[in-house]
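Structural description and commentary
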Amino acid sequence: MSVVCPPLGDSIPSALPHAISVSLPTWRDTVGYEEGDKRVLDAMCTGYPRFFIHKSIQKLAVVCEGKFALPNEKCLLFAKAYIAEECRKFMISRSSDSITVRLVQFLICSDGSTSTTSPVASNETPLHIVLFPFEAFPIAKQFWQHTGLGISSRMAERCLTSLEQASNAVGNGGQLSASPTSPTRYTFPTRNRHYATKKGCVTLPPTNRPPEPGVTKVLEENWIDQGTYLEERYGRNMPLDSANASKRALRRRIAGVLVHQEETSCTNDELQPSNRGVEGVTEDDVYLFPTGMAAIWSAHQLCLAALPPAKCVCFGFPYIDTLKILEKWGPGSHFFGNGDAADLDALEALLSVPGSPGILALFCELPTNPLLRSADLVRLRQLADQHGFVIVIDETIGTFVNVELLPYADILVSSLTKVFSGEVNVMGGSLTLNPKSSHYSTLKARLSESYIDAYWDEDAIYMERNSRDFIKRIRIINRNTEAVCDYLQSHVGVQNSVVKRIFYPKWVDRSNYDACRLPGTVGPDGTEEGNFGGLFSVTFTSKVAAEAFFDALPCAKGPSLGTNFTLACPYTILAHYTELPWAAQFGVEESLVRVSIGMESKALLLDWFQSSLAKAEEDAAKVEV
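Cut-off values and rules
Residues numbered from 1 in each chain as written. Predicted model: local features only at pLDDT ≥ 70, side-chain atom pairs only at ≥ 80, totals over all residues. Heavy atoms only, no water. Axes fitted to C-alpha atoms, helices over the stretch in contact; angles between N-to-C directions. Helix = DSSP H or I, 4+ residues; strand = E, 2+ residues; numbered from the N terminus. Parallel < 35°, antiparallel > 145°, perpendicular 65-115°, else oblique. Left-handed = near helix turned anticlockwise from the far one by under 90°. Contact = heavy atoms within 4.5 Å. Nonpolar A, V, L, I, M, F, W, Y, C, P; charged D, E, K, R; others polar. Pairing = 2+ DSSP bridges. Core = buried A, V, L, I, M, F, W, Y, C linked by side-chain atoms within 4.5 Å. Buried < 20%, exposed > 50% of the residue type's maximum accessible area, 1.4 Å probe, protein only. Expected span 1.5 Å × (residues − 1). Polar contact = N/O pair within 3.5 Å; in protein donor to acceptor, adjacent residues only side chain to side chain. Phe/Tyr/Trp six-rings, centres within 6.5 Å; stacked < 30°, edge-to-face > 60°. Lys NZ or Arg CZ within 6 Å of the ring centre and 35° of its normal. Lys, Arg positive; Asp, Glu negative; His and termini not counted. Salt bridge = Lys/Arg side-chain N within 4 Å of Asp/Glu carboxyl O. Arc of directions from axis to C-beta.

A few words on the packing of helix H8 (residues 243-255) against helix H15 (residues 457-467). In the contact formed by H8 and H15, the axes pass within 8 Å of each other and the chain directions differ by 45°. In terms of axis orientation, H8 runs oblique to H15. Both H8 and H15 take part in a crossing whose hand is left-handed. Between H8 and H15, the residues in contact are Ala243, Ser246, Lys247, Ala249, Leu250 and Arg253 and Asp457, Ala460, Ile461, Met463, Glu464 and Ser467, respectively. Of the residues belonging to the contact of H8 with H15, the class tally is six nonpolar, two polar and four charged.

This part is about the packing of helix H18 (residues 543-552) against helix H21 (residues 602-624). Helix packing geometry: the angle between the two helix axes and the distance between the axes. Orientation of H18 relative to H21, taken along the N-to-C sense of each, is 145°, at an axis distance of 8 Å. In terms of crossing hand, the pair formed by H18 and H21 is right-handed. The residues of H21 that touch H18, namely those facing Val544, Ala545, Ala548, Phe549 and Ala552, are Phe609, Ser612, Leu613, Lys615, Ala616, Asp619, Ala620 and Val623. For the contact of H18 with H21, a count of residues per class yields 10 nonpolar, one polar and two charged.

Overall, mixed pairing links the seven strands, which are arranged S7-S13-S12-S11-S10-S8-S9 in an open sheet. Of all strands in the sheet, those bounded by a partner on one side alone are strand S7 (286-289) and strand S9 (333-336). Here the strands of the sheet are splayed against their neighbours by 20° on average, with no regard to which way each runs. Where strand S11 (residues 390-394) lies against strand S12 (residues 411-415), three bridges are found, and the strand directions are parallel. Its bridge partner lying in S12, Asp394 is registered against Val413. Contacting S7 and strand S13 (429-433), H8 runs over the sheet at an angle of about 125° to S7. This element, helix H11 (residues 341-352), spans strand S8 (312-315), S9 and strand S10 (361-365) of the sheet and lies at about 150° to S9.

This brings us to the nonpolar core. In this structure, Leu60, Leu77, Met91, Leu127, Ile129 and Ile411 are the most contacted members of the largest nonpolar core, which totals 92 residues. Looking at this core, the element that brings in the most residues is helix H9 (residues 292-306), giving nine residues. Ignoring any residue separated from it by four or fewer positions in sequence, one finds Met91 in contact with Ile99, Val101, Val130, Phe132, Ala136, Ile139 and Ala140. Within the second largest apolar cluster, 79 residues are counted, among which are Ile254, Val257, Phe470 and Phe532.

As a further point, take H9. When the terminal C-alpha atoms of H9 are compared, their 21 Å separation across 15 residues agrees well with the 21 Å that a helix rising 1.5 Å per residue should span. Backbone nitrogen of Ala294 and a side-chain oxygen of the N-cap are separated by 3.0 Å at the start of H9; the cap is Thr291.

The strands making up a sheet are joined through hydrogen bonds of the backbone, oriented either antiparallel or parallel. The sheet built from five strands is open, its strands ordered S14-S15-S18-S17-S16 with mixed pairing. In the strand order of this sheet, the two ends are held by strand S14 (499-503) and strand S16 (556-557), each with one partner. Sheet analysis places strand S15 (residues 535-540) next to strand S18 (residues 593-596), joined by four bridges and oriented antiparallel. Pairing of Phe536 across the sheet is with Val595, part of S18. Relative to S15, H18 is tilted by about 135°, and along the sheet it contacts S15, S16, strand S17 (567-569) and S18.

Moving on, we get to the environment of Leu371. Position of Leu371 relative to the elements: it lies in the loop between S10 and helix H12 (377-387). Apart from the residues within four sequence positions on either side, Leu371 is in contact with Phe503, Val508, Phe586, Gly587, Val588 and Leu592.

To continue, consider the pairing of S13. Taken residue by residue, a regular strand's side chains alternate between the two faces of the sheet. Taking burial as the measure, the five residues of S13 include five buried ones, the bulk of the element. Side chains of S13 alternate between two faces, with Gly429, Leu431 and Leu433 and Ser430 and Thr432 buried alike. For S7 and S13, the ladder comprises four bridges, and the chain directions are antiparallel. Looking at the pairing, Tyr287 lines up with Leu431 of S13.

This paragraph deals with the packing of aromatic side chains. Per the stated rule, a full pass over the model turns up 26 aromatic pairs. Seen in terms of ring centroids, Phe549 and Phe609 are 6.1 Å apart; in terms of plane orientation they differ by 45°. Their pairing is tilted. Here Phe549 is found in helix H18, whereas its partner Phe609 is found in helix H21, with 60 residues between them in sequence. Comparing Phe549 with Phe609 shows no difference in burial state: the two are buried. Positioned over the ring face of Tyr462 is Arg154, at 4.0 Å from the centre of the ring. When the ring centre of Phe550 is taken as origin, the NZ or CZ atom of Lys557, which lies over that ring, is 5.1 Å away.

All right, on to the side chain of Lys418 then. Note on placement: Lys418 falls in the loop between S12 and S13. Despite its burial, Lys418 remains without a salt bridge, the nearest opposite charge being carried by Asp394 at 8.0 Å.

In this section: the pattern of salt bridges. On inspection of all chains with the given rule, the structure shows 35 salt bridges. Taking the shortest distance from any N to any O, the salt bridge between Asp42 and Lys38 comes out at 2.5 Å. On the basis of relative accessibility, which here comes to 58%, the residue Lys38 falls in the exposed class. Arg50 serves as the salt-bridge partner of Asp321, at 2.9 Å between the closest nitrogen and oxygen. With a gap of 271 residues between them, Asp321 in helix H10 (residues 320-328) and Arg50 in the loop between helix H2 (38-41) and helix H3 (55-68) connect regions that are remote in the sequence.

Glancing now at the pairing of S15. Among the six residues that make up S15, six are buried, leaving the element largely enclosed by the rest of the structure. Residues Leu535, Ser537 and Thr539 of S15 are buried on one face, and the alternating residues Phe536, Val538 and Phe540, pointing to the opposite face, are buried as well.

Here helix H14 (residues 440-450) has its buried residues at Leu443, Lys444 and Leu447. One side of H14 carries all its buried residues, which in axial view fall inside an arc of 100°. Opposite the buried face of H14, at more than 90 degrees from it, the exposed residues are Ser441, Ser448 and Glu449. Elements that come into contact with the buried residues of H14 comprise S7, H9, S12 and S13.

Shape descriptors only; they carry no functional weight alone.
Take a look at the structure:
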C-alpha cells in the first residue's frame, strides 16, 4: 500500500471522512500549524481527533449550543455521563477563577424525536453536553486532548442524521422546532446519500459567538460525498447489531486466545489458551476504550481509586499526554526522563528513603516514542514487587507480535488506533489486566464495579474488521523497517554524511529490548526477522539537512503512526514546539524526524529514502560552501 502525500490540510488518505491524520507536507507547514499560521489553519479539513475537533462534532456542538447554551457559553460533547462529570470536575479544579460548568443529557432518538428527561431506550442515543463560559474553552480542550474521551465523529454523524430526520418530519420547509429553553430554529435540508450527488451537507445557522480557536472552513460537500463512498463502498463493515460480537472478537484477539487470528468473521469461537506469556489471560481481562489515551487515563484512575494514594512515576521520555495525565490528576508524579540505568538507580534511591511514602504506579512505554528506548523491565519488576507499586506498560509501539510485556506488567495499555488498526479511519484503546499480578484481585474488583463501555459501536465494528490481518501486516512492516534502517545506519559516521543517529530498537537499549523480544519468523530470504517494529527516528547534522530530507520524502506526512502506509513527521516540532529546550535535555532534538514505515515494496521505500538523503546532502553542502 502506498499513499502519495496529499495537499496541505487534506486527510490522509485523501477524502476519508473519519481520518485520524492530516497532511502537513513540509517542515514549514508543521511550524505554521504550531504557530497558528492562517495559511495552514485555513487549509485544514481535518486533524488528529484529540487535537482537532472533527467537523461533524463541531456541527453537532453548534446545534447543542443553540438549544441549551446561555449567552457566551460553549460546549463539549461526550458519550457517557461519568465522562461529562469528570470534565466538569477537571475544569473547576484547573480554573484559577470560580466558574460554572453545567451538564445536560440530550436524548436523540433514531426516529428523529428528542428529549432531555425520558429514560434511555434502545432507539435513543444519549448525548452528554458540558456547557461552560467561552473563555474556559482552553481548559475544556485540555480534558478532551489528555483523556481522549470526546465523542466519536461517527457518533456525531449519527446524531446529526437523527436530528435531520426530526426536522424533515416537522415539515414547514424542514424547520426543527426548538424546545422552550431556546427560541432558535434550525433548518436541515434533506440529506441525499447517493454517492454522485453534490448535496448532503447539514446546513447550520450562523452563530453570534466568536469562532472557536483552531476551527476552520467547513468541508466541501463533494469531499464529504467522496468520503461517504470510500467508507461505504470499501468499508466491508458489518451491520450495527454486530457490535457486541465485534467487541468480543477484539477482546479475544488482544487476549491472544483466538485460534484463527485472521478469521474473516467476528463470530469465530474457536479458542485456545492465551499466547500473551501469562497463564490464564482471557477476554474478561481486556477492556476497550475510545482511544489509547482513554485507556492510559483510565489505568491511572483505576490505580487512584483502588490503591492507597501516592505519586506516580513516569519512567522514560513518553508521549506527552501520558506525562500530563500523571501531573494533572492525583497527587502528582516523579519524572525520570531518560529511563536508563542511572534513572533506575535514582528511582531505587527514592524508594529506599526511610519514611518514603512510596509510589502508586510506574508508567512506561516499550519502546518509547520517539527515541525507541527500552527500559530494564526485569529490574523494574523486581522493584515493583519489593515496594508494592503497580507497573503500567504501553505496548503500542512494540505490539504484542514483537514483544512479550504482560509478564512484567500489572496493567498493559495500547492504542489500537495505530498498527493494530492500520487503516487510519478509527480510534480505539485497550487495557489488559495481568491475572498473575499481586494487585489483580483488587484492580479487577474495582473495574468490575466501575467500568462503563464508552466505545462507540460503529467504531468497534471498523476496528474489528481492520485488525483481522494485523499479524501479517506487522510482519511485512517489520521487514520493511529493518531494511530502511539498515540503509540509513550505513551512513552514520561516514564522512560528509548528514545522518547523525538512527533511533531503532536494533541499536538502542538492545539488551533490554531483547529481554522481552519474541522470536521472529523466517522471512522470504530464509533469515529470521528481527521483530524490531515499524517505527524509527533519525537525527541530522544540521537543521538544513533535516528540513531538506523531510520535505523531499514523497510519502504521506502528518501526525500518528502505525499506518499501513509510510507516514513521517518532524516529531519534536509537532509535539514539543513550545518546549524545545526541555525536550532537548532528554535527547529529543529539534531536527528529529520520526518515520512509521508501511507496507510498500522494499524497493520503493529504499528509492524514497535514497533520493531524500541525496537532497539533504545537496542542500547541506550548499550551506557549507
